[in-house]
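Analysis of the macromolecular model
Each chain, written out:
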Amino acid sequence: MKIAVLPGDGIGTEIVAQAVKVLEALRSDGLKIELEYAHIGGAGYDAAGDPFPAATEKLVLASDAALLGAVGGYQYDTLPRELRPEKGLLRIRKTLNAFANLRPAMVYPELVNASSLKPELVSGLDIMILRELTGDIYFGQPRGIRTLENGERQGFDTMHYSESEIRRVAHVGFQIAMKRNKKMCSVDKANVLDTSMFWREIVTDVAKEYPLVELSHMYVDNAAMQLVRAPKQFDVILTGNIFGDILSDEASMLTGSIGMLPSASLDANNKGLYEPCHGSAPDIAGKDIANPLATILSVAMMMRYTFAREDIAQRIEAAVRKVLQQGLRTGDIYEPGMQKIGTIAMGDAVVAAL
Ligand code: IPM
Ligand code: MG
C-alpha cells in the first residue's frame, strides 16, 4: 500500500499526524504500508512556489492513494488565484481524475446530542453524499472578471456537465445505492439551469440499468431544507460539484461536527484521494484542539475503497466508536460529563482501541 501523505496547512499537519499513527499501528501488525510525504496548498507554495508542486504531482501519480489534511491560511488570501492553496486542491483532484467524492454523514449514537437537530430527527442517520468532483462551475471555462462595453466590470463563471461526466458518476451512485438501501436522490436545479435539465435526463437514462434502485429527483433548495427537516428520508444523494460542496457541509452538522466527516475521492479504478471534509481551521491550528477523527475515518475509507480491505476499515471504525463510548471528546463534540482531550490524546486513544 503506497500512500502519499500530504498534511497541507493549518490543522492539517496535526490531524494527519494522528491518522499516520493509525497507519503505523497497522503496519506494525504486518500490513505492508509505505508512506511518503509531500507538500500541498500553502505549504507547497512556501516550499516550491506552487500550491501543487511538481514533486507532489509525481508522488501522487505513483501512489495508490493520497491522504490529505487540509489547505488554506490567512497569509495566502491575497495571492493571485492560481497560487492560492485551494487551487492546489482542485488541481490534485483533477490530476487524479478523482471524480467521485463520497461524503458519508453518519450519526454515531454517542454523538446524537452533539447534533444541532433534535435527537429523534438524527438518531440512526446514515446518508451517503456522492458529489461529482472534477466538473461543473468549479472547472468550467471561460471564467474571469471582464469589463463590459458600457464600462461596467462583471465577474463570470461557466457551469457545464458533459454526458460522460454525468454518466460515470451516476453509475457510481447507483452501485453504491445497490450496496445500501437502494434509494438514490439526484439533486439539481432543473427548474432553472439547463445544465441541471441535462443532468436529470442522463441520470434518468442510467437508472434504466439499475431497476432495483428507487431513483428520485429533488431541487437543491428543497434538498437543503429537507436535510434539516427530515434527513432520514435520504439514503444516497447524488449531485454535482457545487451543490455537493454546499449540501455536504450542511449534512456534516447533522452528525454533530464537521470534525467527524471523512471523504473519499475516487477515480474509475478506485485509486483515490482521502481527506476530511473540513478545512484548515487556521484559527485553532497549533493548539492541539482539532478533532482528528474525520482524518482517521478517511483512512478507514481508504482501506475500504482503494485497498478493498473492509475488515481493516471496520476495525478502524470500531476503534473510533470505542473511543467515543469511553467518553473521550475533542472540544467540537464535547458535552458536559464527557472527558475533553486534545488532538494528540485522541489519536493515541484510537491507536490504543485499535
Ligand atoms: C471542500 C472544500 C473545497 C471545495 C475548497 C477548499 C476548494 O470546501 O472540499 O468541500 O470547495 O471543494
Ligand atoms: Mg466544502
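Just above sits the structure.
Heads up: these notes are all about the structure in this document.

The rules behind the values
- Residues numbered from 1 in each chain as written.
- Chains lettered and ligands numbered in written order.
- Predicted model: local features only at pLDDT ≥ 70, side-chain atom pairs only at ≥ 80, totals over all residues.
- Heavy atoms only, no water.
- Buried < 20%, exposed > 50% of the residue type's maximum accessible area, 1.4 Å probe, protein only.
- Helix = DSSP H or I, 4+ residues; strand = E, 2+ residues; numbered from the N terminus.
- Axes fitted to C-alpha atoms, helices over the stretch in contact; angles between N-to-C directions.
- Parallel < 35°, antiparallel > 145°, perpendicular 65-115°, else oblique.
- Contact = heavy atoms within 4.5 Å.
- Nonpolar A, V, L, I, M, F, W, Y, C, P; charged D, E, K, R; others polar.
- Salt bridge = Lys/Arg side-chain N within 4 Å of Asp/Glu carboxyl O.
- Arc of directions from axis to C-beta.
- Pairing = 2+ DSSP bridges.

Some details on helix H4 (residues 85–95)
Restricting attention to buried positions, one finds in H4 the residues Pro 85, Gly 88, Leu 89, Leu 90, Ile 92 and Arg 93. Looking one or two places after H4, you find Asn 97, whose phi comes out positive at around 55 degrees.

Here's the deal with the packing of helix H8 (residues 220–229) against helix H9 (residues 241–254)
Between H8 and H9, whose axes approach to 10 Å, the crossing angle comes to 10 degrees. As the angle between them shows, H8 and H9 are arranged roughly parallel. In this structure, H8 uses Val 220, Ala 223, Ala 224, Leu 227 and Val 228 to contact H9, whose residues at the interface are Phe 243, Leu 247, Glu 250 and Leu 254. Across the contact of H8 with H9, the residue classes tally to 8 nonpolar, no polar and 1 charged.

Some words on the pattern of salt bridges
Under the defined criterion, the tally for this structure stands at 22 salt bridges. Between Asp 50 and Arg 91 there is a salt bridge whose closest N-O contact spans 2.8 Å. Placement of Asp 50 in the loop between helix H2 (42–48) and helix H3 (54–62) and of Arg 91 in helix H4 is noted, with a sequence separation of 41 residues between them. For Arg 91, a relative accessible area of 27% gives the class partly exposed. Among the salt bridges present, the one from Glu 275 reaches Arg 93, with a minimum N-O distance of 3.3 Å. Residue Glu 275 is located in the loop between strand S12 (272–274) and helix H10 (293–305), and its partner Arg 93 is located in helix H4; the two are separated by 182 residues in the primary sequence. Take Glu 275: its relative accessible area is 4%, and that puts it in the buried class.

Structural notes on H8
Every buried residue of H8 is listed here: Val 220, Ala 223, Gln 226 and Leu 227. Projection of H8 onto a plane perpendicular to its axis shows the buried side chains occupying an angular sector of 110 degrees, all on one side. On its buried side, H8 packs onto strand S5 (126–132), strand S8 (183–188), strand S9 (214–219), strand S10 (236–239) and H9.

Observations concerning the sheet that holds strand S11 (residues 264–266)
Within the open sheet, the 10 strands sit side by side as S2-S1-S3-S12-S11-S4-S5-S10-S8-S9. Their pairing is mixed. Whereas interior strands pair on both sides, the edge strands pair on one side only; in this sheet they are strand S2 (34–37) and S9. Going across the sheet, the axis of each strand differs from the next one's by a mean of 25 degrees, ignoring polarity. Pairing analysis gives 3 bridges linking strand S3 (residues 65–70) to S12, with the strands arranged parallel.

These figures come from the coordinates and say nothing about function on their own.
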